[in-house]
Number of protein chains: 2
Amino acid sequence: MKKVGLKDIAEHVGVSIALVSYVLNGQAELKQVSKENAEKIKRAAEELNYRPNQIAKSLKMLKTNTIGLVVADINYRFSTGITRAVEAEAKKANYTVLFGSSNESEDTFEELVNALINRQVDGLILVPVENSQPQIKMLQKSGVPFVLLDRNFPEIQANHVTLNNHKAAYDATTYLIKQGHKRIAFFNYQTTFYHLQQRNQGYLDALKDNNIKFQEHWLQEVKSSDRAGDIKRGIGTILTHAKPCDAAFFATDTLAITGLKYLNKHNIKVPGQLSVLSFDESEAFELFYCPVTHLQQPLAEMGRAAVDTVVGLIDHNKINRQVSLESKLVKGKSCRE
Amino acid sequence: MKKVGLKDIAEHVGVSIALVSYVLNGQAELKQVSKENAEKIKRAAEELNYRPNQIAKSLKMLKTNTIGLVVADINYRFSTGITRAVEAEAKKANYTVLFGSSNESEDTFEELVNALINRQVDGLILVPVENSQPQIKMLQKSGVPFVLLDRNFPEIQANHVTLNNHKAAYDATTYLIKQGHKRIAFFNYQTTFYHLQQRNQGYLDALKDNNIKFQEHWLQEVKSSDRAGDIKRGIGTILTHAKPCDAAFFATDTLAITGLKYLNKHNIKVPGQLSVLSFDESEAFELFYCPVTHLQQPLAEMGRAAVDTVVGLIDHNKINRQVSLESKLVKGKSCRE
DNA sequence: ACGCTTGCTTTAATCGTTTAAAGTGATAAT
DNA sequence: ATTATCACTTTAAACGATTAAAGCAAGCGT
């Protein structure tokens, strides 16, 4: 079944291609097309089931009305939430989202970004992977409108939409202290990511501001290559210490899941023996025996802000927009009252 | 920063556009381009950081090397698994995946399919939503290569890649029977989806073949609009009956999660009081107190088969490929031994 | 001296749109 | 009778790539 183009409609009706284009683009009155022809053209388009070729249109217009989105890992709940929000918001602004998952790989990230640029996306929303600074700097030079989402690099002055990670961790830690916890452990990945380091800092600052003397072993840095092992040993350390911790704050949901699994296995009661607080929620929490207290990120807002920013860049070349959003502490029953 | 095109390279080197195109497409020897020019052109492309405009290329070639993928809901674990598999496989075949999520909405599904076609995807991989038969028939008429994934409509003769749902449910039910269960409940959505009905049938056939007389109330049909309520009542029914059920088989992971949550809340022991078996696995199972026995779908294979099929259709117009795959029963500890 | 290769390069059409500019009758004004 | 205006419609040049086909020297054979 051959594709129907403007030409086919034009021939069918017996007018020129231009006229057809005008009518189908709603410029009928502007270009003073006779009602008669306008009508015929619309009918023919309908009959022949005309579908505009966006590729041709994009080429001519030098605009694709497409935004590229690269998430870190499609398996993260964070990613699916963001994807949904971005798609919804982009649709409102009449953009389509071209989507890719870097799987936290530097190479895949670079490939994806290039593939998207080659496809002439009008702008990019990127959740950058570790060590992608050079790639980001290249992007800035190239002039493609883009915004970093969730993660940013303080040494690079780029537009970004992120959570106020410091405040989130600070507030959560403060909450634990107010609940009477004296020795709070913090589990985080061993990482160069600024947003994760900010969580460390928020935790530490909260301790300091509450006059709690931080103990080295409270901060457990987990290698992603041996998450289960490191967490197992970490929990062992904080619980078997002379003065065992009474709360564990996990810097990500994946860390929390692994931690809770271990606690489950060894029958360590939450919050009886150990209070648990997680950054982000996981579907897995649903079947834990008690609701897990966690920090909730405003995914919809993040998606909205990212789309707004990148569309602003595309349309008006607005520059320099750094958005910082607040998370919300969702109280479950995993922390001592 | 202006975009660099073939023209820019041509001017920079002082040759024609054609020559540049030949060289950058690896046709240097074929077209007998002088080594000198070839060298200069490559260097210039590098220096100017040339990125081919895929839009222009696609328009000229009438081929985008893009496959459209529409999943039912990006939040399903099934969808993310499929997406990953499809992306990986498509990449091997040198295709890019354009992706969308219908959120089980008929309208969104139609919009997405149209948007993808307008963007001239070479083929489509679709997880169709309920009642999308008309849309699928339209597609067949339009001649766009496509393959249905996971779900199909027996009344429509279309290419599809699905699980052998009947066999999967049949085998799982048989397993429960072999483990000594006498009264097995089956929870499924109230649906017109053929693949889900096949699960019912597999369950029923297994009972019959094992001479177990099916009781009406064992088959619990859950409305997706009130999943929690229906499941709550359903479990109530099967457990408070004069002859209570000793096993519950859930036709999807979402049903299983809701069921397990209820069992958790009411402290009904698995598998002590009730054995549980789920179709598909959920991340949520990770934190249930025992590993959940479940049917595992071969997502990677499904993705591979779908891409193979659609690429076959695109390249050789191979027609009529119906692939049926087998699931695997992963034994946990949620069924009585 | 004339055509014929050979080796390399350019010309120009094309893909399906958009859109400024020019074209075309008919009617009205001078 | 000439020109201007109006109400439409068509022409044709882009957009950035691909690729037949044609062009052009230089060298060779006769």
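Everything that follows concerns the structure shown earlier in this document.
Going along each chain's sequence as written, the residues are numbered from 1 onward. Written order decides the labels, with chains lettered from A and ligands numbered from 1. Whole-chain, interface and lining totals are the exception, using all residues; otherwise, since this is a predicted model, local features are given only for residues with pLDDT of at least 70 and side-chain atom pairs are given and counted only at 80 or more. With hydrogens and water stripped out, all remaining heavy atoms of the structure feed into the side-chain values.

### Structural notes on the pairing of strand β3 (residues 123–126) of chain A
Residue and element names in this part refer to chain A.
Okay, so step 1: Alternating residues of β3 divide into G123 and I125 and L124 and L126, and every residue in both groups is buried.
Okay, so step 2: The pairing criterion for strands is at least two bridges between them, as found by DSSP. To qualify as a helix, a DSSP run of H or I must reach at least 4 residues; to qualify as a strand, a run of E must reach at least 2; elements of each kind are numbered from the N terminus. One ladder, built from four bridges, connects strand β1 (residues 66–71) with β3; its direction is parallel. Paired with V70 across the two strands is L126, which belongs to β3.
Okay, so step 3: Sheet topology note: the β3/strand β4 (residues 146–149) ladder contains three bridges and is parallel. Of the residues in β4, the one forming a bridge with L126 is L148. For the exposure calls, accessible area comes from a 1.4 Å probe over protein chains only, and a residue counts as buried if that area is under 20% of its type's maximum, exposed if over 50%, partly exposed in between.

### Description of the interface of chain B and chain A
Okay, so step 1: Every residue pair with non-hydrogen atoms within 4.5 Å of one another is taken to be in contact. Facing the 47 residues of chain B at the interface are 47 residues of chain A.
Okay, so step 2: Here's the idea: put two parts together, see how much 1.4 Å probe accessible area each one loses, and the total over both is what we call buried area. With both sides pooled, the region where chain B packs onto chain A buries about 4,600 Å², and carbon together with sulfur makes up 52% of that total.
Okay, so step 3: For the chain B face of the interface with chain A, the top three residues by lost area are B:I55, B:R119 and B:L287, together amounting to 17%.
Okay, so step 4: A pairing counts as a salt bridge when a side-chain nitrogen of Lys or Arg comes within 4 Å of a carboxyl oxygen of Asp or Glu. Summed over the shared surface of chain B and chain A, the number is six salt bridges.
Okay, so step 5: As a salt-bridge pair, B:E286 and A:K261 come within 2.7 Å of each other at their nearest N and O atoms.
Okay, so step 6: Here a polar contact is taken to be a pair of N or O atoms separated by no more than 3.5 Å, where protein atoms must pair a possible hydrogen donor with a possible acceptor and residues adjacent in sequence count only if both atoms sit in side chains. Viewed at the interface, chain A and chain B are joined by 24 residue pairs in polar contact (both at pLDDT 80 or more).
Okay, so step 7: Mapped onto the side of chain B that touches chain A, the elements with two or more residues apiece are α4 (54–61), α5 (77–92), β2 (96–101), α6 (106–118), α7 (133–142) and α11 (253–265) of chain B.
Okay, so step 8: It is β2(B) that contributes the most residues to the side of chain B that touches chain A, six residues altogether.
Okay, so step 9: The residue makeup of the side of chain B that touches chain A, split by class, is 16 nonpolar, 19 polar and twelve charged. Any residue outside Ala, Val, Leu, Ile, Met, Phe, Trp, Tyr, Cys, Pro, Asp, Glu, Lys and Arg is labelled polar, Gly included; the first ten of those are nonpolar and the last four are charged.

### Focus on the protein's contact with DNA strand D
Okay, so step 1: Nearness is defined per residue: one heavy atom within 4 Å of the molecule or strand is enough. In the neighbourhood of DNA strand D, 28 residues make up the surrounding shell, with A:S16, A:Q32, A:N37, B:L6 and B:S21 lying closest.
Okay, so step 2: Each atom of DNA strand D within 4 Å of the protein belongs either to a base or to sugar and phosphate, the latter forming 62%.
Okay, so step 3: The contact in question runs from a phosphate oxygen of DNA strand D to an N or O atom on the side chain of B:S21, over 2.6 Å.
Okay, so step 4: Take B:Y22: an N or O atom from its side chain is 3.0 Å from a base nitrogen of DNA strand D.
Okay, so step 5: Among the secondary structure elements, those contributing two or more residues to the surface near DNA strand D are α2 (17–24) and α4 (54–61) of chain A together with α2 (17–24) and α4 of chain B.
Okay, so step 6: Counted by class, the surface near DNA strand D contains 15 nonpolar, nine polar and four charged residues.

### Side note on empty space enclosed by the protein
Okay, so step 1: In the cavity and pocket records, a cavity denotes points on a 1 Å grid over the protein atoms alone where a 1.4 Å probe fits but cannot get out, a pocket denotes an open set with protein on both sides within 12 Å along at least 5 of 7 lines, and lining residues are residues with an atom within 4 Å of a point. Grid points are joined across faces, edges and corners, and a volume is the space filled by probe spheres set on the points. Within the structure shown, the criterion is met by three cavities of 30 Å³ or more.
Okay, so step 2: By volume, the largest cavity amounts to about 190 Å³.
Okay, so step 3: Considering the residues around the largest cavity, the lining is formed by 14 residues, among which A:I55, A:L98, A:R119, B:I55 and B:R119 are closest to the centre.
Okay, so step 4: If you list the elements that add at least two residues to the lining of the largest cavity, you get α4 of chain A together with α4 of chain B.
Okay, so step 5: Here the residues of the lining of the largest cavity are counted per class, giving four nonpolar, eight polar and two charged.
Okay, so step 6: One number sums up the size of the second largest cavity: a volume of about 120 Å³.
Okay, so step 7: Taken together, A:N75, A:Y76, A:R77, A:T80, A:E283, B:I74, B:N75, B:Y76, B:R77, B:T80 and B:E283 make up the lining of the second largest cavity.
Okay, so step 8: Elements with a contribution of two residues or more to the lining of the second largest cavity: α5 (77–92) of chain A together with α5 of chain B.
Okay, so step 9: Partitioning the lining of the second largest cavity into residue classes produces three nonpolar, four polar and four charged.

### Thoughts on the pattern of salt bridges
Okay, so step 1: Applying the stated rule across the entire model yields 24 salt bridges over all chains.
Okay, so step 2: For B:E89, the salt bridge is made with B:K92, and the minimal N-O distance between the two is 3.4 Å. Of the two residues, B:E89 and B:K92 are both situated in helix α5; the distance of three residues between them amounts to about one turn of the helix.
Okay, so step 3: Two residues, B:E104 and B:R151, come together in a salt bridge whose shortest N-O distance is 2.9 Å. Within this pair, whereas B:E104 is found in the loop between β2 and α6, its partner B:R151 is found in the loop between β4 (146–149) and β5 (160–163), the two being separated by 47 residues in sequence.
Okay, so step 4: Classification of B:R151 as buried rests on a relative accessible area of 6%.
Okay, so step 5: Through salt bridges that share partners, A:K223, A:D226, A:D230 and A:R233 make up one connected network.

### Remarks on the protein's contact with DNA strand C
Okay, so step 1: The environment of DNA strand C is formed by 30 residues, the closest being A:L6, A:S21, B:S16, B:N37 and B:K60.
Okay, so step 2: Counting only atoms of DNA strand C within 4 Å of the protein, the fraction found in sugar and phosphate groups is 61%.
Okay, so step 3: Here a base oxygen of DNA strand C and a side-chain polar atom of B:K60 are 2.7 Å apart.
Okay, so step 4: Mapped onto the surface near DNA strand C, the elements with two or more residues apiece are α2 and α4 of chain A together with α2 and α4 of chain B.
Okay, so step 5: Classifying every residue of the surface near DNA strand C gives 15 nonpolar, nine polar and six charged.

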